[in-house]
Amino acid sequence: MNEPLIETPQDYEELIRIIHDRHDQMSKTYQRIAVYLTQNPNEVAIHSVNAIAERCGIHASSFVRFAQSLGYKGFKELQALFQKRLATAAPGFEARVKALASELQGAGDASEIGFLRDLVVRDIASLQQLLDEVNSEDLALAADMLERADTIYLVGQLRSAPVVELLRYVLTMLGKRCLLLDPGGGLATHIGRTIREADVLLAVSFRFYATEVVNVVEDAGQRGIPIIAITDSTLSPLARWAKVLFEVPEHDYTFSRSLAAPMCLAQALVVAVAARVQHTDAHPRIPTVTGT
């Protein structure tokens with residue numbers, strides 16, 4: 001077991017900072033716990049340690065030992081910091097979680113329409129959380145970076161690919177010079193090395209992070225390239241290099257990650273860029289290839 005810290009974190013922000021500082025030295029189990037805690041602070045605040053452990057797939061005793069390694073007597077002391085944060089950050093969250101659980105429990109429908117209903121209910125909850133947690137200053141800064149960039153480089157592979165494809169389409173239609181670093185030909189990493197400081201790299205990746213995306217981001221970050229990252233955790237390998245980080249946690253889906261929240265965030269970014277390009281805050285328009 002890891003040695004306790006000399007000083008136990010006394011608030012949520014300090015706790016998260018300590019977790020980040022110690023993450024690379026943690027055991028694999030503690031790293032999984034750390035990722036869950038940082039991805040799901042609201043759930044941590046309202047559920048029992050047994051419920052949290054079940055969701056995480058790790059025994060509850062490991063959560064207790066994790067808390068003790070940070071200097072707490074037990075998990076409840078650590079959880080109190082999450083509860084204090086929730087009271088000010090998202091006071092209506094617990095009620096929404098109970099409503100969501102009620103809707104999902106009442107479904108019990110294994111038909112095709114039942115699958116659709118289950119996904120829609122979960123996505124509504126995910127979108128509400130996105131609205132609660134995205135920082136308006138981060139949105140404004142990211143939109144400014146995209147609007148000013150000489151060239152916008154986009155990278156996202158596997159299940160993240162649709163997000164960057166949407167960004168490339170709309171930003172190009174807005175007159176922005178965009179380059180998608182796709183895996184075709186094995187050149188993404190090499191093209192990434194041509195990014196200049198006057199450009200912007202927008203990267204999208206979720207657990208389990210695409211190796212090539214991580215490599216592109218790390219190289220760009222080491223060279224001081226401005227980076228906007230959309231990912232699932234502040235412990236993501238993209239996070240340390242991002243000038244603007246949008247954390248869109250991954251929730252428990254039975255089949256695959258939903259792209260509802262990342263896509264909505266991407267659309268919000270391009271609408272904000274459109275408002276700047278078209279010099280209007282009222283009704284920015286996204287041009288289309290076809291139509292009148």
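Residues numbered from 1 in each chain as written. Predicted model: local features only at pLDDT ≥ 70, side-chain atom pairs only at ≥ 80, totals over all residues. Heavy atoms only, no water.

Caption draft 1: Main features of the overall build of the protein chain. The number of helices and strands found in the protein chain is 13 helices and five strands. Looking at the protein chain as a whole, 45% of its 292 residues are labelled buried. A separation of at least 24 residues holds for 68% of the contacts in the protein chain among residues at least 6 apart in sequence. (Helix = DSSP H or I, 4+ residues; strand = E, 2+ residues; numbered from the N terminus. Buried < 20%, exposed > 50% of the residue type's maximum accessible area, 1.4 Å probe, protein only. Contact = heavy atoms within 4.5 Å.)

Caption draft 2: Looking closely at the sheet that holds strand 5 (residues 244–247). Ordered by their spatial adjacency, five strands build an open sheet running 2-1-3-4-5, and the pairing between neighbours is parallel. Across the chains shown, the open sheet's two edge strands, defined by having one partner strand only, are strand 2 (178–180) and strand 5. Taken over all neighbouring pairs, the strand axes of this sheet differ in orientation by 15° on average, direction set aside. The pairing of strand 1 (residues 152–155) with strand 3 (residues 200–204) spans four bridges and is parallel. Its bridge partner being in strand 3, Leu154 is matched across the sheet by Leu202. Where helix 10 (residues 161–173) meets the sheet, it contacts strand 1, strand 2 and strand 3, and its direction lies at approximately 160° from that of strand 2. (Pairing = 2+ DSSP bridges. Axes fitted to C-alpha atoms, helices over the stretch in contact; angles between N-to-C directions.)

Caption draft 3: Molecular detail of the pattern of salt bridges. All told, the structure shown has six salt bridges when counted by the stated rule. Residues Asp150 and Arg196 are paired through a salt bridge, measuring 3.9 Å at the closest nitrogen-oxygen approach. In this pair, Asp150 sits in the loop between helix 9 (136–148) and strand 1 while Arg196 sits in the loop between helix 11 (188–192) and strand 3, placing the two residues 46 residues apart along the sequence. Judged by relative accessible area, Asp150 falls into the partly exposed class, the value being 37%. Since its relative accessible area comes to 46%, Arg196 is described here as partly exposed. With its nearest N and O atoms 2.9 Å apart, the salt bridge here joins Arg168 to Glu165. Taken together, the positions of Arg168 and Glu165, both in helix 10 and three residues apart, correspond to about one turn of that helix. The partly exposed category is assigned to Glu165, whose relative accessible area is 38%. Several salt bridges converge on common partners, so that one network encompasses Asp150, Arg196 and Asp199. (Salt bridge = Lys/Arg side-chain N within 4 Å of Asp/Glu carboxyl O.)

Caption draft 4: Representation of the nonpolar core within the structure. Leu154, Leu167, Leu171, Leu202, Ile228, Ile230 and Phe246 are the most contacted members of the largest nonpolar core, which totals 32 residues. For this core, the elements supplying multiple residues, two or more each, are helix 9, strand 1, helix 10, strand 2, strand 3, strand 4 (227–231), strand 5 and helix 13 (260–277). Per-element tally for this core: the top contributor is helix 13, with seven residues. Residues contacting Ile228, with those up to four places away along its chain left out, are Ala142, Met145, Leu146, Val200, Leu201, Leu202, Ala203, Val244 and Phe246. Counting 30 residues, the second largest nonpolar core, distinct from the first, contains Tyr12, Ala45, Ile52 and Ala67. (Core = buried A, V, L, I, M, F, W, Y, C linked by side-chain atoms within 4.5 Å.)

Caption draft 5: Representation of the environment of Thr172 in the model. Take Thr172: it is sitting in helix 10. Note: C-alpha distance between Thr172 and Pro287 (115 residues apart in sequence) is 9.5 Å. In this structure Thr172 touches Leu167 and Cys178, once residues within four positions along its chain are discounted.

Caption draft 6: Structural view of the packing of aromatic side chains. Inspection of the entire model under this criterion finds three aromatic pairs. Ring plane angle 80° and centroid distance 5.4 Å describe the contact between Tyr30 and Phe66, whose orientation is recorded as edge-to-face. Here Tyr30, found in helix 2 (residues 28–39), pairs with Phe66, found in helix 5 (residues 60–69); they are 36 residues apart in sequence, far enough to count as distant. An identical accessibility class is assigned to Tyr30 and Phe66; each is buried. When the ring of Phe63 is compared with that of Phe75, the centres are 5.9 Å apart and the planes differ by 85°; the resulting orientation is edge-to-face. Highlighted residues: Phe63 in helix 5 and Phe75 in helix 6 (residues 75–89), separated in sequence by twelve residues. In this pair, the class of Phe63 matches that of Phe75, namely buried. One residue, Arg85, lies across the ring of Tyr12, its end atom 5.1 Å from the ring centre. Above the plane of the ring of Phe208 lies Arg207, whose end atom (NZ or CZ) is 5.0 Å from the centre. (Phe/Tyr/Trp six-rings, centres within 6.5 Å; stacked < 30°, edge-to-face > 60°. Lys NZ or Arg CZ within 6 Å of the ring centre and 35° of its normal.)

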